[in-house]
Amino acid sequence: MANSTVGRDLQQTNFGGDQYINIIHVDEQGLEQARHLWEPRHHPDEHLPGQPPGALPRPGLAPHPTPIHIGAGTGETPTTSGGPSRRTVLLGAGATLAAAAGALVVLRLTDESADADDYSLAGHADNVNSVAFSRDGIVASGSVDKTVRLWNIADRGQKPRLLEGGHSGKVNAVAFSPDGKTLVSGGTNEMYFWGADGTKLGPAEGDVTWVMSVAFNHDGKILASGDYDHTVKLWDVASRTLIDTLEGHTDAVTSVAFDRDGRILASASNDNTILLWDSDDWKKQPVKLTVGPKTGERDDGLKGVAFSPDNKYLAAAGGNHDVLLWEVADLKKDPTPLRRHSSPVSSVAFSGDSKTLASCGRDNAIRLWNVETKELIVTLSSTEWVKSVAFSPGDEALASGGDDHKVWVWKLPRPANGDTR
């Protein structure tokens, strides 16, 4: 590793063939200096201080975050000056610098390459509202551009498969059945069923309104949809017909999720409640979990809900900037708030091993949490609002979609050996 000073409290670092900017002491002046070094719009025709022209051309700055190492586990050491503790964090050029205060931060400067850990898949012409993984590692995405696309993430240079003959309005939600054989997409007054290869099976037969979210039960025989008309609808997957309509929310139902065994269906709403429905008796009064905004903060309702695969936890995306985590065994106990987002949270998802929780939101960030310790593991940053996240089978990658019109695939960070402070 070679270092050379490029500015106050900044060093250029060469690491593994890539070039980074190392912010040694993060304060407002250091952040501003890094911002000017980092963002191409500030100096479109200039190169880095102390470097020959062309050494690090501005257009080559990596456009996305690449987390390489997080210092947790190697020790967060206090500064000798008695100031805040420092962490070693390697981030790409999409990171939010303001969130790095008090940390030792390394920003990747090298351009995106074919072997980059994280990469984007371009094809949509508008915001991506929802992403989902199949058991075979195929990503489905639904967009405001009225399309559903399938991506094979093993082939980065591929063109996505566009599912033909589908939506005439924006697509808000996509989900694969547990066996990966059926895909459902829901949107403005439409919901469609597709085969795993993208073959259109047909529309939902019933009263379809503005679909906000879709989820299959454990055996893939029942589909739940959360609707803008304040209801949850249940569908028979084989016949694509409406089974029942569940009423209880007083505002749009933004997210639905079944537990591992399909026994409980959770629905989250803009009315700041989660209703837990018993699949043995859909007419039974649901258990209600009520969550309000923090004092003085805007109330955006709940936007996402998910059960952990081991059935121990229930998570929700809070409009009041919090991720909320309940223990399923004791739902009467207040949820644990995970507080690092600076704007409303859009979506939550658990890893397959139930050890990691992902959240994303309007602060252009994806945050990964240790479910057991409730601590933040890493922040992945985007340039736009991130609306949906999903873990791959085996938890090797995370997919996200948002307002940059792209599907991103992130290699999940693994702690590096040794202290890189």
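Residues numbered from 1 in each chain as written. Predicted model: local features only at pLDDT ≥ 70, side-chain atom pairs only at ≥ 80, totals over all residues. Heavy atoms only, no water.

Asks: So what exactly am I meant to see when it comes to the overall build of the chain here?
Replies: The secondary structure content of the chain amounts to 1 helix and 33 strands. Evaluated residue by residue, the chain yields a buried proportion of 55% over its 421 residues. Of all intrachain contacts in the chain linking residues separated by at least 6 positions in sequence, the fraction that spans at least 24 positions is 46%. Just so you have it, the chain exposes about 18100 Å², and 47% of that area is on carbon and sulfur atoms. (Helix = DSSP H or I, 4+ residues; strand = E, 2+ residues; numbered from the N terminus. Buried < 20%, exposed > 50% of the residue type's maximum accessible area, 1.4 Å probe, protein only. Contact = heavy atoms within 4.5 Å. Areas by Shrake-Rupley, 256 points an atom, 1.4 Å probe, with all protein chains shown as cover.)

Asks: Hey, could you run me through the sheet that holds strand 9 (residues 148-152) in this one?
Replies: Sheets are built from strands paired through backbone hydrogen bonds, the pairs being either parallel or antiparallel. Pairing in this open sheet of 4 strands is antiparallel, and the strands run 7-8-9-10 from one edge to the other. At either margin of the open sheet sits one strand with a lone partner, and together these are strand 7 (128-133) and strand 10 (161-162). Relative to strand 8 (residues 138-143), strand 7 runs antiparallel, the two being bridged by 5 bridges. By the bridge assignment for strand 8, V131 is matched with S141. (Pairing = 2+ DSSP bridges.)

Asks: When you look at unusual backbone geometry in this model, what are you seeing that I'm missing?
Replies: Residues other than glycine predominantly adopt negative phi, and peptide bonds predominantly adopt the trans conformation. In the Ramachandran plot, N311 falls in the positive-phi region, its phi being about 65° despite a non-glycine side chain. Within the secondary structure, N311 is located in the loop between strand 23 (302-307) and strand 24 (313-318).

Asks: Please clarify how the pattern of salt bridges should be interpreted in this entry.
Replies: Where charged atoms from two side chains of opposite charge approach closely, those side chains can pair. Summed over the entire model, instances satisfying the criterion amount to 9 salt bridges. Notably, a salt bridge pairs D229 with K233, separated by 3.0 Å at the nearest N-O pair. The buried category is assigned to K233, whose relative accessible area is 1%. Of the charged contacts in the structure, one is a salt bridge between K283 and D244, with a shortest N-O distance of 3.1 Å. (Salt bridge = Lys/Arg side-chain N within 4 Å of Asp/Glu carboxyl O.)

Asks: What exactly am I supposed to notice about the environment of V378 here?
Replies: Inspection of the secondary structure assignment puts V378 in strand 30 (residues 376-381). Here V378 falls in the buried class, since its relative accessible area comes to 2%. Each C-alpha atom of the pair V378 and I366 lies 8.4 Å from the other, and the pair is 12 residues apart in sequence.

Asks: I keep staring at the nonpolar core and nothing clicks. Help me out?
Replies: Ranked by internal contacts, the top residues of the largest apolar core, which has 15 residues, are A266, I274, L276, V305, F307, L314 and W326. Only strand 20 (264-269), strand 21 (273-278), strand 23, strand 24 and strand 25 (323-327) provide two or more residues apiece to this core. Those residues within four positions of A266 in sequence are excluded, and the remaining contacts are S255, V256, A257, I274, L275, L276, V305, F307 and L314. Core analysis: the second largest hydrophobic core is formed by 14 residues, L368, L398, W410 and L412 among them. (Core = buried A, V, L, I, M, F, W, Y, C linked by side-chain atoms within 4.5 Å.)

Asks: Sorry if this is basic, but what is going on with the environment of G186 here?
Replies: With respect to the element layout, G186 can be found in strand 12 (residues 182-187). For G186, a relative accessible area of 0% gives the class buried. Counting along the chain gives 56 residues from G186 to S130, while the straight-line C-alpha distance between them is 10.0 Å. Sequence-distant contacts of G186, that is, excluding residues within four places in its chain, are made with H167, V171, N172, A173, M191 and V211.

Asks: Before we go on, may I ask you to explain the pairing of strand 15 (residues 211-216) in this structure?
Replies: On a regular strand, one side chain projects to one face of the sheet and the next to the other, so that they alternate. Burial within strand 15 is extensive, with 5 of its 6 residues counted as buried. Across 5 bridges, the pairing between strand 15 and strand 16 (residues 222-227) is antiparallel. Opposite A215, over in strand 16, you have A224 as the bridge partner. Connecting strand 15 to the next strand, strand 16, in antiparallel fashion are 5 residues, including G220 with a positive phi near 75°.

Asks: Teacher, can you tell me more about the pairing of strand 31 (residues 386-391) here?
Replies: A large share of strand 31 lies buried, amounting to 6 of its 6 residues. Connecting the antiparallel pair strand 31 and strand 32 (residues 397-402) is a turn made up of 5 residues, with G394 showing a positive phi of about 85°.

Asks: Even after reading the chapter, I still don't get the packing of aromatic side chains, so can you show me in this structure?
Replies: Here a ring pair, both rings aromatic, is described through the centre-centre distance and the interplanar angle of the planes. A full pass over the atoms with the stated rule returns 3 aromatic pairs. A ring pair is formed by Y192 and W194, whose centres lie 6.0 Å apart and whose planes are at 45°; its orientation type is tilted. Geometry around W385 places K387 over its ring, the cationic atom sitting 4.6 Å from the centre. (Phe/Tyr/Trp six-rings, centres within 6.5 Å; stacked < 30°, edge-to-face > 60°. Lys NZ or Arg CZ within 6 Å of the ring centre and 35° of its normal.)

Asks: So what exactly am I meant to see when it comes to the environment of D363 here?
Replies: Along the polypeptide, D363 turns up in the loop between strand 28 (356-361) and strand 29 (365-370). D363 sits 23 residues away from V386 along the chain, and the two C-alpha atoms are 7.9 Å apart. Side chain to side chain, D363 and H341 meet in a polar contact 3.0 Å long. (Polar contact = N/O pair within 3.5 Å; in protein donor to acceptor, adjacent residues only side chain to side chain.)

Asks: How should the confidence of the model for the chain be read in this particular structure?
Replies: Close inspection of predicted coordinates is inappropriate in any region flagged by low pLDDT. Of the residues in the chain, 68% have a pLDDT of 70 or more, and the chain-wide mean is 76. Low confidence marks residues 1-115, where pLDDT is under 50. Its contacts with residues over four positions away, or in another chain, come to 229 contacts. Segment residues 415-421 is flagged for pLDDT under 50; beyond a separation of four residues in sequence, or across chains, it makes 12 contacts in the model. (pLDDT = per-residue confidence, 0-100.)

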